[in-house]
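Structural overview
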Amino acid sequence: MESMNSGADALALLPELFLLAGAVLALLAGSFTARERQWISRVIAVVALSASAVASGVAFAAVASAAGPVAESMSVYDGSYILDGGTAAGRLIVAVSALLVIALGVDELRGTARESETYVLILLASLGAVVLAGASDLLVLAVGFLLASIPLYALIGIGGTKAGAEAALKTYLLGALFGILLLLGVTVLYAVSGTTSYAGLRGALAAAAPAVVGVGLVGVLAGLMFKAGAVPGHFWVPDAAEGSGTAVAAFATTVPKIGGFLAAYRLLEMMPGTVRWPLLIALLSVLTMTLGNLAAYTQTNPRRLLGWSTVSQAGYLLMPVAVAGSIPIALPSLVVFLAGYAVTNLAAFAVIAAYPDRTELRAYEGLAAARPWHAVALVVALLSLVGTPPTAVFLGKLTVFTAAWDGGFWWLTLAAAVNTVISLFYYLRWLAPAFRAASPDSPGAGEFTPRRWAGRTAVAGAVLVLVVGVGAGLAWTALGGLPTG
Amino acid sequence: MLSLVILLPLAAAALILALPRAERAARLAFVLVTAVEVALTAVLWAGYRDPGAGGLAYEEQLRWIPNVGSSYHVGVDGLSLPLIVLTAVIFLACAIYDWNATDRPRPRAALFLFLEATSVGLFAAQDLILFFLFFDLSIVGMYFVIAGWGHGDRARSALKFFLYTFLGSLALLLGFIGLYLGAEPHTFDIPELLRADALRNNPAGVWVLGAIVVGLAVKTPTVPFHTWLPPAHTDAPATGSAVLAGVLLKMGTYGFVRIAMPLLPDAWRAWAPVLITVGVVSVLYGALVALAQSDLKRMIAYTSVNHMGYIVLALGAAGAAGESATAARETAMTGAVTQMVSHGLITGALFLLAGVLHSRAGTYSMGAFGGLAAPAPRFAAFFAVGAFASLGLPGFSGFIAEFQIFAGSIGTVPLTAIALPGILLTAALFLRALQRVFTGSTKGKSTGFQDLLPAEAWSVGGLLVLSVLIGLFPVPLLDVIAPASAALVGVAGG
């Protein structure tokens, strides 16, 4: 692990710097322009995210062409921040997701009192997620956690509605609790190992008392499960999905997960075999997917349904984490699932954003007849969440199922398959009305006047879902984990 | 060439969807594209030379997901080529039958073309993930056909169909992952898995095959996984039923001969007693329940359970343990594949005819009709031909298939003879249905019944003529199937 000079280190962090600069500029611009000209902040945010995405894409391509040893060992700032295929992909997914969030939220946010601030907070929370994804030092991890969390609390409450305030408070209280647990865990791990660097942790912790290491690890993991929206840190997710604005809901159920899961993966990869963390993660995975599915079962509000569905998806996302470091395809499968999940979830939220007043599933009656393309987008998004090929989440599911089984957790794969069947039922509860003819007593009466940007984002998102589903296999080589043959 | 056969209907479906308000053009495009598909598959058939054991004709392979050893890999052999041609023929018949349909013909045509692409793709797939992709998409497509164009309690039937077959598909996926992990190097490629022969003598193979068998048995369907079939058929539109019975059910049995038997031969041997039992029970139970139906379409649906039971029975016998009786095994296997083709043609035709009943009278209840032969002689004649074909009368394809199935199966596992009464029961139930609906004095809904329209007559007639042609001149079909059957028995037999 060679340390580069700090100038080159900074250059390697270009995608992160773009996000930071964008946030600062958007804040300044928003402070000095009239409300009707806050689109300037939006332009700044979009440019910053696009630049970050391009820089990440270039870095990703570089890792891809280097393929192999370089991808494994590159890190900056004395090994505190890792720059492998996982980080490269994480940055790209975060940037593209935030862009989609802004696109689906344009109609909703345009001209509101807090438009600039929303973009600033989105940029900062995205930066936090990226830092989480790349952290390979406990202190950087803690910073990333705070950077990802604090803007999120503000975002959830920014709409000023009663439900939003309640969701923000709930998220804040849970975040504070789990944040403390994370810091406590970091302290314990540092106390027993004498280092915060992941590279040093493995060796140092192997010699430490397993019980103490376990306590520290559980603390850090609790914080990360809050970010990931998985059991036991999932309680805020459905409330945030229902109570906050649509764009914020889309953001809160997507981007923090990207940071949370990659951070958990990197940490666990470095844990010694003295602690039986794989079993813990596998149990959390089963709990998360089952709880999310059962809770989603009876929902009639599409946002809340999606909120619980994201909890169940977090369960599948934990499957590769449970075999972190022991199976070559674990990290690639996690990244592929994250990418697929992000575009899919955002496409589904874009449909909601196009018709924001429809608060029950029945209100979508007549969508296929009135707006066939939006109905097709909804089909693609929901079938992807189910895991039907050739959509994005199918590829994710296929690979995480394989990774978990390969790592010895065949029962986890079985549980995930059973859960997938259960999940089909509630996704169809949304899909079926959309393809029924509207009757006069349907809420909304079959009249569908979409918000334009949100509608376009839904269709674009659905296309992305298919592109990722069909094409991600070819981009995969950048993530390492080539098969043994 | 093969990819063209898969992609052409898909492209046509996308084009039809993208052109709003082109309802009449959609209908024409539907017929034209399915006709071109028949022509293309005829060219495939004409140019087909047996590629030898384990070989493939018209093979194509493209990189897709290299890191998990999955690729776009298609090709045909004697087991898949007849089914691809059958698919093209059934869809053409449906396109012609739907010529006069007025209910949203544009999305309907697009959906059926999409289904045709997935069906051809599935029979051509030589990669487990590709197979699974088409398998799942066929479920999605059929769900929308039933939910969108069905009648009666269609939402519920469609949901049941989707949930049930999706459950099967996940069992299948688990089995595929098991095969993948069992092979070294890991791969989803079917020919590579065949060469690796990974799970031989591995106790895990029995479990992996269990998952695959459950997945395919739901689709086939066999007892006890058949309960989704009658409501799905009853509430589906006529062409939906024809495609479901004619093509989609074959995906289950085709999966047995393409994946389960060759890749897990010794596990198949371990499972053979179960499969033979399931086959026998499906044959007898399907026929008995069909006998008890008063709804004509439900009755035909249950005869599907019976007919698919023969196939499972034959496959079980062909792969059973015991003294080698290679010739008998090959006969059973060839009979099973022939039965897939034969059942597709005959039951497809019968479901289309049942659809005529519903379109004229709004009901399938046999009690509502009587003496229908007088006002609708053509309908009566076609139905009688279809019924005789279905009950296995010599001169029709069903006879060729079932004769080989029983000759082969009894030769290998004599106990399979207890399924023979299934043939008698089928004969009884079809004769009873003919008598109730068509003979006697014209009464009930039969009065003023409009006879077959040209479109209906041409589509059903075409299917029945093919069945007769196979019944009278089976050799060209058997020449394609038999070498592949022999190769499969070479891998999986005794």
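For every chain, the first residue of the written sequence is number 1, and numbering continues from 1 onward in sequence order. To read the labels, note that chains go from A and ligands from 1, taken in the order they are written. Since the coordinates come from a predicted model, pLDDT governs what is reported: local features require at least 70, and pairs of side-chain atoms require 80 or more to be given and counted, while whole-chain, interface and lining totals use all residues. Remark: hydrogens and water are excluded; side-chain values derive from all non-hydrogen atoms of the structure.

**Let's talk about helix α15 (residues 302-322) of chain A**
Three- or four-residue spacings in an α-helix give side chains the same orientation, since the helix completes a turn every 3.6 residues. All names here are of chain A. Comment: elements are numbered from the N terminus, with helices defined as DSSP H or I runs of at least four residues and strands as E runs of at least two. Expected span of a helix: the number of residues minus one, times 1.5 Å. Relative to the 30 Å expected for 21 residues at 1.5 Å per residue, α15 spans 30 Å between its end C-alpha atoms, a close match to the ideal helical length. Residue exposure (1.4 Å probe, protein chains only): buried if accessible area is under 20% of the type maximum, exposed if over 50%, otherwise partly exposed. Burial analysis of α15 places 21 of its 21 residues in the buried class, the great majority of the element. Polar contact criterion, stated in full: a pair of N or O atoms within 3.5 Å, where within protein one must be able to donate a hydrogen and the other to accept it, and residues adjacent in sequence count only if both atoms are side-chain atoms. At the N-terminal boundary of α15, the capping side chain belongs to Asn301, with an oxygen 2.8 Å from the backbone nitrogen of Arg303.

**Notes on helix α16 (residues 421-438) of chain B**
Residue and element names in this part refer to chain B. Compared with the 26 Å implied by 1.5 Å per residue over 18 residues, the 26 Å span of α16 between its first and last C-alpha is a close match. Of all the positions in α16, only Gly422, Leu425, Thr426, Ala427, Leu429, Phe430, Ala433, Leu434, Val437 and Phe438 are classed as buried. Where α16 is buried, its residues touch α11 (265-291), α12 (296-318), α13 (326-361) and α14 (377-390). Any two residues having at least one pair of non-hydrogen atoms within 4.5 Å are treated as being in contact.

**Points about a nonpolar patch on the surface**
Residues and elements named next belong to chain A. Without a salt bridge and with relative accessible area above 30%, a residue can belong to a patch; like charges are then joined within 9 Å and nonpolar side chains (Val, Leu, Ile, Met, Phe, Trp, Tyr) within 5 Å. Exposure was quantified through the Shrake-Rupley algorithm and a 1.4 Å probe, taking into account, for residues, occlusion by the shown protein chains and nothing else. Salt bridge criterion: a side-chain nitrogen from Lys or Arg within 4 Å of a carboxyl oxygen from Asp or Glu. Side chains of Leu11, Leu14, Leu17, Phe18, Leu20, Val24, Leu25, Leu28 and Phe32 sit close together on the surface and give an oily, nonpolar patch of about 850 Å² of accessible area. Take the nonpolar patch: its biggest share by element is eight residues, from helix α2 (residues 14-32). Counting through the fold element by element, Leu20 comes out in helix α2.

**Some thoughts on unusual backbone geometry**
Cis geometry marks the peptide bond from Val231 of chain A to Pro232 of chain A; its omega dihedral reads 5°. Among the secondary structure elements, Pro232 of chain A is positioned in the loop between α10 (210-228) and α11 (236-243). With an omega of -5°, the peptide bond running from Glu184 of chain B to Pro185 of chain B counts as cis. Here Pro185 of chain B lies in the loop between α6 (154-182) and α7 (190-196). Its identity as a non-glycine residue notwithstanding, Arg104 of chain B has a phi of 40°, on the positive side. With respect to the element layout, Arg104 of chain B can be found in the loop between α3 (81-97) and α4 (105-124). We classify Arg104 of chain B as partly exposed; its relative accessible area is 38%. Even without a glycine there, the phi angle at Asp197 of chain B is positive, about 50°.

**A word on the packing of α3 of chain B against helix α17 (residues 454-472) of chain B**
Residue and element names in this part refer to chain B. Across the interface, α3 lies against α17 with an axial gap of 7 Å and an inter-helix angle of 160°. Relative to α17, the element α3 is oriented roughly antiparallel. Crossing angle aside, the handedness with which α3 passes α17 is left-handed. On the side of α3, the interface is formed by Val89, Ala93, Ile96 and Tyr97, while α17 contributes Ala455, Glu456, Trp458, Ser459, Leu463 and Leu466. Each residue gets one label: Ala, Val, Leu, Ile, Met, Phe, Trp, Tyr, Cys and Pro are nonpolar, Asp, Glu, Lys and Arg are charged, and the others, such as Gly, are polar. For the contact of α3 with α17, the class distribution of residues is eight nonpolar, one polar and one charged. For helices, the axis comes from a line fit to the C-alpha atoms of the stretch in contact; other axes are also lines fit to C-alpha atoms, and the angle between any two N-to-C directions lies between 0 and 180 degrees. Should an angle fall under 35 degrees it is called roughly parallel, over 145 degrees roughly antiparallel, and 65 to 115 degrees roughly perpendicular, with every other angle called oblique. Note: crossing handedness is left-handed where the near helix turns anticlockwise from the far helix by less than a right angle, and right-handed where it turns clockwise.

**Quick look at the packing of aromatic side chains**
Think of it this way: a Phe, Tyr or Trp ring, Trp meaning its six-membered ring, pairs with another when their centres are within 6.5 Å, and the plane angle makes it stacked under 30 degrees, edge-to-face over 60, tilted otherwise. A full pass over the atoms with the stated rule returns 29 aromatic pairs over all chains. Their ring planes at 55° and their centres at 6.1 Å tell us that Phe145 of chain A and Phe226 of chain A sit as a pair that is tilted. Of the two residues, Phe145 of chain A sits in helix α7 (residues 138-157) while Phe226 of chain A sits in helix α10, which places them 81 residues apart along the sequence. Exposure class is identical for Phe145 of chain A and Phe226 of chain A. Each is buried. One aromatic cluster is present, built from ring pairs that chain together Phe435 of chain A together with Tyr143, Phe144, Phe162 and Phe166 of chain B. Criterion for a charge above a ring: Arg CZ or Lys NZ at most 6 Å from the ring centre, at most 35 degrees from the ring normal. The ring of Phe448 of chain A carries Arg358 of chain A above its face, with NZ or CZ at 4.0 Å from the centroid. The lysine or arginine in question, Arg27 of chain B, covers the ring of Trp99 of chain B, its NZ or CZ lying 4.2 Å from the ring centre.

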